[in-house]
Each structure stands twice: as C-alpha cells, then as structure tokens.
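# Fold and geometry: a report
So the chains spell out like this:
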Amino acid sequence: MKKLFLLILLYSFSILSSQAKNVHYTDFIDFTDNSGVKYSVMMVTDEHNDNDRRADATIRVLYTTEGNEHLVEFYSDCYAEKLKNGNTKISFIPVKNSKVQIIKGKDVSYSPDTFVYEVDPKTSKITGTQSDQNSTNLTPIIHRNASLQTQDRIDEIDRFYFRTEPMYSLLKDFYNKKLEVAEKPYYDVVGWFGSDGIAYQAFIISYLKEKGNLDSVVRVRYEKNGQINIVQFDTLSEVILQKDDTVSISIKPKNKTVKNIKGNSTYNPDSFSYTLDTNDEFISGKQYDENSSADLSYIKVINNKEFALKFYSENDEIYQKYFK
C-alpha cells in the first residue's frame, strides 16, 4: 500500500545547471501580484538527491498583460525538507545568475520567482508564498494540484509547452503512466473473528483516486449455520504517511447499503483501520461496525485470480474486468 501511496505522490534544447531533464513530479501554482496581474506556474522537478535533498527544476510562468499573453522560463534548485512538525517544506530557489528565457511574448521583463510551501501529510493542506527580488511582501499562492485530475494535468501541458519541445513528450509519458497506474486495482485481504465467534474474511479491491484517496469495493465472506454468505458494500479509503514513515489505511463505508451476493443475511457494513511498516508489512489493525470491533489479521495472497473465486463468480463484472 505504501508503494501505491508513493506513486500518488508519481529538456529543453540546451543543458544548463538545475534544468530538469526528467520528470519526477510536477506542481501547478497560481498567484496574483499587487497590481492584480494573475500568474499561472508549472514546475517540472527532477529526482531529489540523497545528500542535500536538492533537485533540478524548470519553472514556466504564464500570464497576460494589456491583452498580450507571455510565457517565460527559468531554472531553480528545489529542496525538500522534513520538518519537526511532520510537514514537508518545499523550496524552489532560482539558480544564481539564471536568466529568464522568453518563450512567448515581447517586451517582457521578469524576475525569477522564489516559491516556498509546506505540505501537511495528514490533511493534505498546502500553504505557501511567492516572492522575487523586487518583492517587499510575500504573496500567497494557490497550490492547484489537489484540484487537478491527471487528465487535467495532461491538458495543462499544451498551455506551457509546445509539442516540438522534448519536455512535452516527457510530460506526456509521465502522465500516461500515472493513468495506467490509476486504472490498476490494488488488493487487500484481512480477516477477523467476530463477537459471535464466526471467522470473517474481507477481500478489498481499491482504485487509486487523485487526492490520496481510494474508492474500494469490499466483499466479506463467512460461514454461518453451515451456509456460506457473501456480502458487498462500497467504501472510501484514505492512505496517510505517518511521521515514522509507516502508512495508515482507513476504510469507511460510503453508506449503509449492503448487497447480498450469496445467502440472505442481515449485515452491517464494516470499517477497517490498519498500519503497514516501511516494508509494507502489516503491523496491526481493527475492524469495527455499529455493534462490535475486533483485531485484524492480514492475509497474504499469492494468486489473486484464484483467491478471487472465493468471492466472485467467473461471470461477475468485476472478475471479468480485473481477474480474467
């Protein structure tokens, strides 16, 4: 699950120091200066090194003045710093003596921007500021990543890059891979003993969403009075990276609707919470519903296709889509 989570967090013609040459992650930021001019910013950042946590970054800024659209570019050093409060501080510092390149527009005078913001991993809240060498006050930024789907980001490429540029192709490949990952489900299987002494197994199929969340379909299988029962309900799952680098997973029903797949029992939808270590190994977890709670055990499945047949028929739509 942590590997999946970290995925959530998944070039130009001359080669200069601190110019991003590959795409490790991207940022989209808006800000408005004191004169009321609105700026849109796209950052392309290479991978951070292990020593000083620095990465090469290419910044492009798009804005309009007097009816004329301008697009400029400059290079930055990007630093990622883990703070004592658990937040991550991201700083984009323009490369010393770096010149601003005018990609589109004329009679443009632009000073390279400094961007600094903090990311709270628990709430996904991002706050930050913009400044440049002419600034007397820090300008608040709007970090747009949380509001953009991957397809939205793909559409943004055409605003900031021309199709003939090498970076355009790199960005296309980067986002297309993210789309491929988003379409692949993630499987979890947990078990517990209810207060009634019955052994339950839950097969959880999750689909990656854009804001660090997962949509999940849960099927629970159990035997009661000699009869196998299977029920299904929909959940929302949240994945949070903790300060100690463990990963906390919280799975809660979308509503109280439970569908009987086999059998005809009354069932309250379950919630689950559990923690994985840095190696994706299960540490501990809980199952709970309206009436009870129990300790979870984590079930490792070698063959998802074969195991899924305990919960799905071969003709089931989900089985046909993800296991056939």
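Residues numbered from 1 in each chain as written. Predicted model: local features only at pLDDT ≥ 70, side-chain atom pairs only at ≥ 80, totals over all residues. Heavy atoms only, no water.

With that settled, consider the overall build of the protein. From N to C terminus, the protein includes five helices and 20 strands. When the 324 residues of the protein are sorted by exposure, 46% land in the buried category. By element, 46% of the accessible surface of the protein is carried by carbon and sulfur atoms, the whole surface being about 17,400 Å². Distance between charge centroids for the protein: 2 Å, based on 41 positive and 46 negative side chains. (Helix = DSSP H or I, 4+ residues; strand = E, 2+ residues; numbered from the N terminus. Buried < 20%, exposed > 50% of the residue type's maximum accessible area, 1.4 Å probe, protein only. Areas by Shrake-Rupley, 256 points an atom, 1.4 Å probe, with all protein chains shown as cover. Lys, Arg positive; Asp, Glu negative; His and termini not counted. Charge placed at Lys NZ, Arg CZ, Asp CG, Glu CD.)

Mapped onto the fold, Arg-219 is located in strand E13 (residues 213-224). Since its relative accessible area comes to 4%, Arg-219 is described here as buried. Excluding residues within four positions of it along the chain, Arg-219 makes contact with Gln-201, Ala-202, Phe-203, Ile-230, Val-231, Gln-232, Ile-261, Phe-311, Tyr-312 and Asp-316. (Contact = heavy atoms within 4.5 Å.)

On to the pairing of strand E11 (residues 186-193), then. With seven of eight residues buried, E11 is to be regarded as a mostly interior element. Taken together, the two bridges between E11 and strand E20 (residues 297-298) define a ladder with antiparallel strand orientation. The partner of Val-190 across the bridge, within E20, is Tyr-298. (Pairing = 2+ DSSP bridges.)

In this section: the packing of aromatic side chains. All told, the structure shown has 25 aromatic pairs when counted by the stated rule. When the ring of Phe-31 is compared with that of Tyr-39, the centres are 4.7 Å apart and the planes differ by 10°; the resulting orientation is stacked. A relative accessible area of 5% places Phe-31 in the buried class. Ring centres of Tyr-274 and Phe-282 lie 6.2 Å apart, and the angle between their planes is 45°; on these two criteria the pair is classed as tilted. Relative accessible area serves as the criterion here: at 2%, Tyr-274 is assigned to the buried category. Owing to a relative accessible area of 22%, Phe-282 belongs among the partly exposed residues under this scheme. (Phe/Tyr/Trp six-rings, centres within 6.5 Å; stacked < 30°, edge-to-face > 60°.)

For residues with low pLDDT, the predicted coordinates do not support detailed interpretation. Overall, the predicted model of the protein reaches an average pLDDT of 85, with 90% of residues at or above 70. Mean pLDDT values for the elements of the protein range from 44 in helix H1 (residues 2-8) up to 96 in strand E2 (residues 38-45). This model gives residues 2-18 a pLDDT under 50, and the stretch forms 49 contacts once residues within four places in sequence are excluded. (pLDDT = per-residue confidence, 0-100.)

Looking only at helix H2 (residues 150-160), the buried set comprises Thr-150, Arg-153, Ile-154, Glu-156, Ile-157 and Phe-160. Down the axis of H2, the smallest arc covering the buried residues is 155°, so these residues share one side. (Arc of directions from axis to C-beta.)

A separate point is the pattern of salt bridges. According to the stated counting rule, one finds 14 salt bridges in the structure shown. Salt-bridge contacts for Glu-73 lead to Arg-60; the nearest nitrogen and oxygen are separated by 2.7 Å. With a gap of 13 residues between them, Glu-73 in strand E4 (residues 68-82) and Arg-60 in strand E3 (residues 54-65) connect regions that are remote in the sequence. The pair Glu-73 / Arg-60 is uniform in exposure class, with both members buried. Residues Lys-286 and Asp-295 are paired through a salt bridge, measuring 2.7 Å at the closest nitrogen-oxygen approach. Take Lys-286: its relative accessible area is 38%, and that puts it in the partly exposed class. (Salt bridge = Lys/Arg side-chain N within 4 Å of Asp/Glu carboxyl O.)

In the Ramachandran plot, Arg-53 falls in the positive-phi region, its phi being about 55° despite a non-glycine side chain. As for its placement among the helices and strands, Arg-53 is situated in the loop between E2 and E3.

Quick look at the environment of Val-190 now. Relative to the helices and strands, Val-190 is located in strand E11. We classify Val-190 as buried; its relative accessible area is 0%. For the pair Val-190 and Tyr-319, spaced 129 residues apart in sequence, the C-alpha separation works out to 19 Å. Residues within four places of Val-190 in sequence aside, it is in contact with Tyr-200, Gln-201, Ala-202, Ile-204, Phe-272, Tyr-274, Leu-296, Ser-297, Tyr-298 and Ile-299.

Now for the pairing of strand E7 (residues 114-119). As defined by bridge partners, strand E5 (residues 88-94) adjoins E7 across five bridges and the pair is classed as antiparallel. From the neighbouring strand, Lys-89 faces E7, where its bridge partner is Glu-118. As paired strands, E7 and strand E8 (residues 126-131) are joined by six bridges and run antiparallel to one another. Paired with Tyr-117 across the bridge in E8 is Gly-128. What sits between E7 and E8 in their antiparallel hairpin is a turn of six residues, with Ser-124 showing a positive phi close to 65°.

Attention shifts here to the environment of Phe-31. Mapped onto the elements of the fold, Phe-31 is located in strand E1 (residues 25-32). The residues touching Phe-31, leaving out its near neighbours within four places in the chain, are Val-37, Lys-38, Tyr-39, Val-41, Tyr-110, Asp-113, Phe-115, Gln-130, Thr-139, Pro-140 and Ile-141.

Right, let's get into the environment of Ser-250. Looking at the secondary structure, you find Ser-250 in strand E15 (residues 247-253). Between the C-alpha atoms of Ser-250 and Phe-272, which are 22 residues apart in sequence, the distance is 5.9 Å. Those residues in contact with Ser-250, other than ones at most four positions away along the chain, are Leu-236, Ser-237, Glu-238, Phe-272 and Ser-273.

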